[in-house]
Structures are given as C-alpha cells and as structure tokens.
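Each chain, letter by letter, is given below.
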Amino acid sequence: MIAGKVALLSISLLLTLLVCEAAARLELLPLPDFVISDAWWEERWHRERRGLSPHVFVELDADLGYVPAAGLSGQRYQGARIGTNSAHMRGTREYSVERTEAARVVVIGDSYTFGQCANDDETYPAVMEATLPNTEVLNLGVMGYGQDQALLRLRRDGFRYRPDIVVFGFYRSDMRRNAVAFQSLPKPRFRLTDSGLVLENVPVPMPEEYDRLWPPRLWNFVRIFSDSLDWGTKTEWAYIYDLSHAIVHQMAADAEAFGMPLVVVHLPRVDTLEGEGPYGWPFIEELCADMEGERFRCVNPVDRFHQIASTPETIQHHFDCHYSPELYRAVGELTSEMLLREFPDVFLSAASR
C-alpha cells in the first residue's frame with residue numbers, strides 16, 4: 001500500500017517536472033527580473049540571441065568570448081555607421097604592429113569606448129587621435145565587455161602594439177559583468193581569491209554548448225532563484241567592488257611592467273550627474289583619489305558634462321543612446337588635454353622624430 005503511494009507520488013512528481021521543463025523550453029515561463037547570474041544570461045540567450053550569434057558585428061573568440069567582426073565598413077547600427085579594421089579595432093584605419101614615428105595610445109573598455117551610437121570619427125578615441133599631435137590611438141573597446149575582458153584584450157592584443165600610454169574607459173555598470181561567465185555570450189572571468197585574481201572559463205565555451213538537452217532548462221530557473229537570494233546584498237556588492245578594484249589595479253600593474261602609464265577615464269552614467277562630489281559616485285572617486293599620481297591617473301568629465309547637459313531636456317538628448325557626439329567629444333578632448341599636460345615628453349618625442 002505504502003509502496004504504491006510512493007510510486008504514484010514519484011510518477012506525479014516526474015510528470016510535473018516534465019511539464020515544467022516543457023514550459024521552460026517553450027518559453028512559457030516568464031524570464032525573471034534581472035539578477036547577477038550566469039543562469040539569467042543563459043536563459044536570456046536562449047530566448048533572444050539563439051541562432052543570432054555570431055551576428056554581423058561579432059566574431060567568437062576562445063580567449064575573450066568575442067571580438068568585433070573584422071573588416072566592417074559603414075555598417076548601420078542605432079543610427080550610426082560602424083567600421084572596423086582587420087585587427088578587430090573600431091575604425092577602418094589600419095595600424096602596423098611595428099612602431100612608426102608617431103606616439104601611440106591604446107584604449108580599452110566597453111561599448112562607450114567602442115563608441116556605440118557614434119560614427120567612426122565621433123568616438124572618444126577617434127577624437128583623441130584627431131586632437132593629439134602626431135599620435136595613433138588604437139580603439140580596442142568592445143560592446144558588452146566587462147572590465148575583465150578589457151584587461152584580457154589589453155594583454156593579448158594591446159601590448160603587442162607597444163603603446164606609450166594605455167587608457168581605460170571605466171563605466172560603472174561593467175562592474176557587474178565581472179562577476180559572471182555569461183553576459184549576452186559566454187565570457188571569461190576572474191575570481192578574486194586570497195592569492196589574487198584567478199582566471200576562469202578559458203577557453204571560453206561556444207554558445208552551442210549551452211543548447212543541449214542536459215542540464216534541463218528548468219535548472220536555469222532554480223539557479224536564478226538561488227542567485228537572487230544574494231542579489232543586492234552588501235556582501236555581494238562588496239565582492240563586486242573589490243573585484244573591480246583588483247582588476248583596475250592589475251591593469252595598472254601590467255602596464256607598469258611594460259613601462260607604460262595607465263590613465264583611467266571615468267565615463268559617467270546619467271545618474272552620476274545627480275550624485276555628490278566631483279565624480280558623482282564614491283567608488284570611482286575613492287579609486288582615483290587613492291592612486292592619483294602613483295599607479296595611474298584619472299580623467300573626470302563630470303563638470304564638462306554638466307556644462308553640456310545643463311537641463312532635463314538636454315540631459316535626455318545627450319544620454320538617449322549611450323552618449324551624444326558632444327559628450328563623446330568632451331571625453332576625447334579632456335583626455336587629450338590631460339595626456340598632453342601629464343606626459344608632454346611622449347608627444348614632444350613623437351613630434352621630433
């Protein structure tokens with residue numbers, strides 16, 4: 001009698017799980033609100049990106065997850081024309097690995113560095129190249145990158161061009177990306193341990209490896225729920241802050257090992273303009289205040305942004321799609337001014353070659 005009830009209960013449970021799994025695979029279960037979770041991004045990929053990657057802008061990469069597709073020319077996206085060169089850099093200009101007589105700056109970062117919603121000549125690295133004398137500025141920014149991927153791209157692709165200066169575009173929301181191994185697509189990540197940063201998820205799996213019968217899709221929802229218990233807690237945010245801090249300092253240490261200074265460019269979010277202090281956000285202010293003039297230097301465009309976006313109407317315009325051309329130009333001009341002021345010998349030497 002008891003054995004029969006147990007069998008009936010087991011069959012009922014199995015059928016319930018199969019029905020739930022079918023609902024998950026048919027995407028009848030709603031995607032939960034955003035959680036910092038690999039499972040959340042994996043489930044989103046199944047629903048929105050499946051079969052679309054690599055798309056026209058992306059080439060998969062076993063070291064970095066993905067890089068911009070090479071050889072784009074005037075590709076239309078979000079109202080702008082996007083070009084890339086043969087080395088997967090933004091802009092169609094080609095740069096020799098061998099040094100020329102020009103000074104050279106490598107810029108790393110995310111979509112704000114890549115220049116989403118901007119034409120090739122409107123990105124802030126392009127503005128730097130136009131305003132710095134006799135200087136090549138290589139834009140290695142990539143849409144969707146975390147700070148971990150930016151560091152890895154600097155190591156693999158940036159240093160081989162032997163730049164005089166490394167510039168890193170720091171955008172606040174990228175800190176969350178450091179904590180996951182799936183962000184729109186699979187990616188590498190660092191885990192912060194007592195002995196330092198430890199690289200994980202390399203080589204990066206291909207997206208198709210997540211499109212299997214096992215583990216079940218329902219497992220994503222279990223993981224999302226589990227991860228949601230930590231979402232927004234002080235402990236989690238403390239880890240994310242510490243991880244970002246460690247990655248930026250590792251960038252500086254790596255650049256220093258090659259004899260290059262690191263310049264951190266603060267890329268404000270719209271809510272940063274309403275914050276307190278010169279940077280509008282304590283984390284980046286403390287990061288820059290602690291190390292200013294020692295391991296790296298910082299550029300802060302908040303005041304210039306306030307001058308350009310001075311009313312609610314203009315703020316909406318300038319932040320409608322990433323940055324407006326005026327804000328991108330402000331970042332580029334301020335960064336060029338800082339580089340000329342702090343590292344004049346780099347550009348004087350280039351001018352005299």
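Chains are numbered independently. Their residues run from 1 in the order of the written sequence. Where local features are concerned, this predicted model is filtered to residues with pLDDT of at least 70; where side-chain atom pairs are given and counted, the filter is 80 or more; whole-chain, interface and lining totals use all residues. As a rule here, side-chain values come from all non-hydrogen atoms in the structure, and water together with hydrogens is ignored.

### Description of the overall build of the protein chain
Turning to step 1, where the next piece is worked out: When its secondary structure is counted, the protein chain shows 13 helices and 13 strands.
Turning to step 2, where the next piece is worked out: As a reference, a globule follows 2.2 Å times the number of residues to the power 0.38, and the radius of gyration itself is taken over C-alpha atoms. Its C-alpha atoms give the protein chain a radius of gyration of 23 Å, near enough to 20 Å, the size a compact globule of 353 residues would have.
Turning to step 3, where the next piece is worked out: When the backbone C-alpha atoms are referred to their principal axes, the protein chain occupies close to 95 × 45 × 45 Å.
Turning to step 4, where the next piece is worked out: Exposed residues in this analysis have more than 50% of their type's maximum accessible area, buried residues have under 20%, and partly exposed residues fall in between, with area computed by a 1.4 Å probe over protein chains only. By the burial criterion, 49% of the 353 residues in the protein chain qualify as buried.
Turning to step 5, where the next piece is worked out: Residue contacts are counted whenever heavy atoms from the two residues lie within 4.5 Å of one another. Counted over contacts in the protein chain with a minimum sequence separation of 6, partners at least 24 positions apart contribute 71%.
Turning to step 6, where the next piece is worked out: Accessible surface area values rest on a Shrake-Rupley calculation with a 1.4 Å probe, where residue burial reflects the displayed protein chains alone. As displayed, the protein chain has an accessible area near 16,600 Å², and 55% of this comes from carbon and sulfur atoms. Strands here are runs of E lasting at least two residues and helices are runs of H or I lasting at least four, both read from the DSSP assignment and numbered beginning at the N terminus.

### Observations regarding helix α7 (residues 218-228)
Turning to step 1, where the next piece is worked out: Residues Asn-220, Phe-221 and Ile-224 constitute the buried set of α7. Around the axis of α7, the buried residues are gathered within 95 degrees of arc, so they sit on the same side. As used here, the arc is the angular range of directions from the helix axis to the C-beta atoms.

### Thoughts on the environment of Arg-191
Turning to step 1, where the next piece is worked out: With respect to the helices and strands, the residue Arg-191 is situated in strand β10 (residues 189-193).
Turning to step 2, where the next piece is worked out: Note on Arg-191: relative accessible area 36%, which makes it partly exposed.
Turning to step 3, where the next piece is worked out: Once the C-alpha coordinates of Arg-191 and Leu-243 are considered, the two residues, 52 residues apart in sequence, prove to be 7.6 Å apart.
Turning to step 4, where the next piece is worked out: Apart from the residues lying within four places of it in its own chain, the contact partners of Arg-191 are Gly-196, Leu-197, Val-198, Glu-200 and Tyr-239.
Turning to step 5, where the next piece is worked out: What qualifies as a polar contact is a pair of N or O atoms within 3.5 Å, subject to a donor-acceptor requirement within protein and to the restriction that residues adjacent in sequence count only when both atoms come from side chains. In this structure the side chain of Arg-191 is engaged in a polar contact, spanning 2.9 Å, whose partner is the side chain of Glu-200.

### Some thoughts on the state of the cysteines
In protein chemistry, a disulfide is the covalent bond that joins the sulfur atoms of two cysteines.
Turning to step 1, where the next piece is worked out: Pairs of cysteine sulfur atoms within 2.5 Å are identified as disulfides in what follows. Overall, the coordinates contain 2 disulfides when judged by the stated rule.
Turning to step 2, where the next piece is worked out: Sulfur-sulfur distance for the disulfide between Cys-117 and Cys-321 comes to 1.8 Å. Since a negative S-S torsion denotes a left-handed disulfide, the Cys-117-Cys-321 link at about -55 degrees is left-handed. Placement of Cys-117 in the loop between α3 (111-114) and α4 (124-131) and of Cys-321 in the loop between α11 (312-318) and α12 (325-342) is noted, with a sequence separation of 204 residues between them.
Turning to step 3, where the next piece is worked out: A residue is classified by how much of its surface remains accessible, and Cys-117, at 13% relative accessible area, is buried.
Turning to step 4, where the next piece is worked out: Note on cysteine connectivity: Cys-288 is disulfide-linked to Cys-298, with sulfurs 2.0 Å apart. Handedness of the Cys-288-Cys-298 disulfide follows from its S-S torsion of about -90 degrees: it is left-handed.

### Concerning the pattern of salt bridges
Turning to step 1, where the next piece is worked out: The salt bridge definition used is simple: a Lys or Arg side-chain nitrogen within 4 Å of an Asp or Glu carboxyl oxygen. Tallied over the entire structure, the rule returns 28 salt bridges.
Turning to step 2, where the next piece is worked out: Close ionic contact of Glu-42 with Arg-223 constitutes a salt bridge, the shortest N to O distance being 3.2 Å. One end of the pair, Glu-42, is in helix α2 (residues 38-49); the other, Arg-223, is in helix α7, with 181 residues separating them in the sequence.
Turning to step 3, where the next piece is worked out: Notably, a salt bridge pairs Glu-98 with Arg-162, separated by 3.7 Å at the nearest N-O pair. In this pair, Glu-98 sits in the loop between β4 (80-82) and β5 (103-108) while Arg-162 sits in the loop between α5 (147-158) and β7 (165-170), placing the two residues 64 residues apart along the sequence.

### Let's talk about the environment of Thr-84
Turning to step 1, where the next piece is worked out: Relative to the helices and strands, Thr-84 is located in the loop between β4 and β5.
Turning to step 2, where the next piece is worked out: Residues Thr-84 and Pro-68, 16 residues apart in the sequence, show an inter-C-alpha distance of 7.5 Å.
Turning to step 3, where the next piece is worked out: Setting aside anything within four residues of it in sequence, one finds Thr-84 in contact with Pro-68, Ala-69, Ala-70, Gly-71, Leu-72, Met-89, Arg-90, Gly-91 and Thr-92.

### Notes on the nonpolar core
Turning to step 1, where the next piece is worked out: By size, the foremost hydrophobic cluster in this structure holds 58 residues, and its most contacted members are Ile-108, Phe-168, Phe-170, Leu-262 and Val-264.
Turning to step 2, where the next piece is worked out: At 7 residues, helix α8 (residues 234-257) tops the list of elements feeding residues into this core.
Turning to step 3, where the next piece is worked out: Each residue touching Phe-170, except ones within four places of it in the same chain, is listed here: Gln-147, Met-175, Ser-244, Val-248, Val-264, Val-265, His-266, Leu-267, Trp-281, Phe-283, Ile-284 and Leu-287.
Turning to step 4, where the next piece is worked out: Put simply, a nonpolar core is a bunch of buried Ala, Val, Leu, Ile, Met, Phe, Trp, Tyr and Cys residues held in one set by side-chain atoms that sit within 4.5 Å of each other. Among the nonpolar cores identified, the runner-up in size contains 31 residues, and Ala-118, Met-128, Leu-267 and Val-299 belong to it.

### Details of the layout of surface pockets
Think of a ball as big as a water molecule: rolled over the atoms, this probe shows where empty space is left.
Turning to step 1, where the next piece is worked out: Within this scheme a cavity is a closed region of a 1 Å grid, computed over the protein atoms alone, that accommodates a 1.4 Å probe without allowing it to escape, whereas a pocket is open but has protein on both sides within 12 Å along at least five of seven lines; lining residues each have an atom within 4 Å of a point. Grid points are joined across faces, edges and corners, and a volume is the space filled by probe spheres set on the points. Volume-wise, the largest pocket comes out at about 440 Å³.
Turning to step 2, where the next piece is worked out: Taken together, 22 residues make up the lining of the largest pocket; nearest its centre are Arg-49, Tyr-77, Met-143, Gly-144 and Ser-184.
Turning to step 3, where the next piece is worked out: Of all the elements in the fold, those that place two or more residues in the lining of the largest pocket are α2, β2 (65-68) and α3.
Turning to step 4, where the next piece is worked out: In terms of residue count, the dominant contributor to the lining of the largest pocket is α2 (3 residues).
Turning to step 5, where the next piece is worked out: One number sums up the size of the second largest pocket: a volume of about 370 Å³.
Turning to step 6, where the next piece is worked out: Surrounding the second largest pocket, 17 residues form its lining, Ile-36, Ala-179, Asp-227, Asp-230 and Glu-236 being those nearest its centre.
Turning to step 7, where the next piece is worked out: Take the lining of the second largest pocket: its biggest share by element is 4 residues, from α8.

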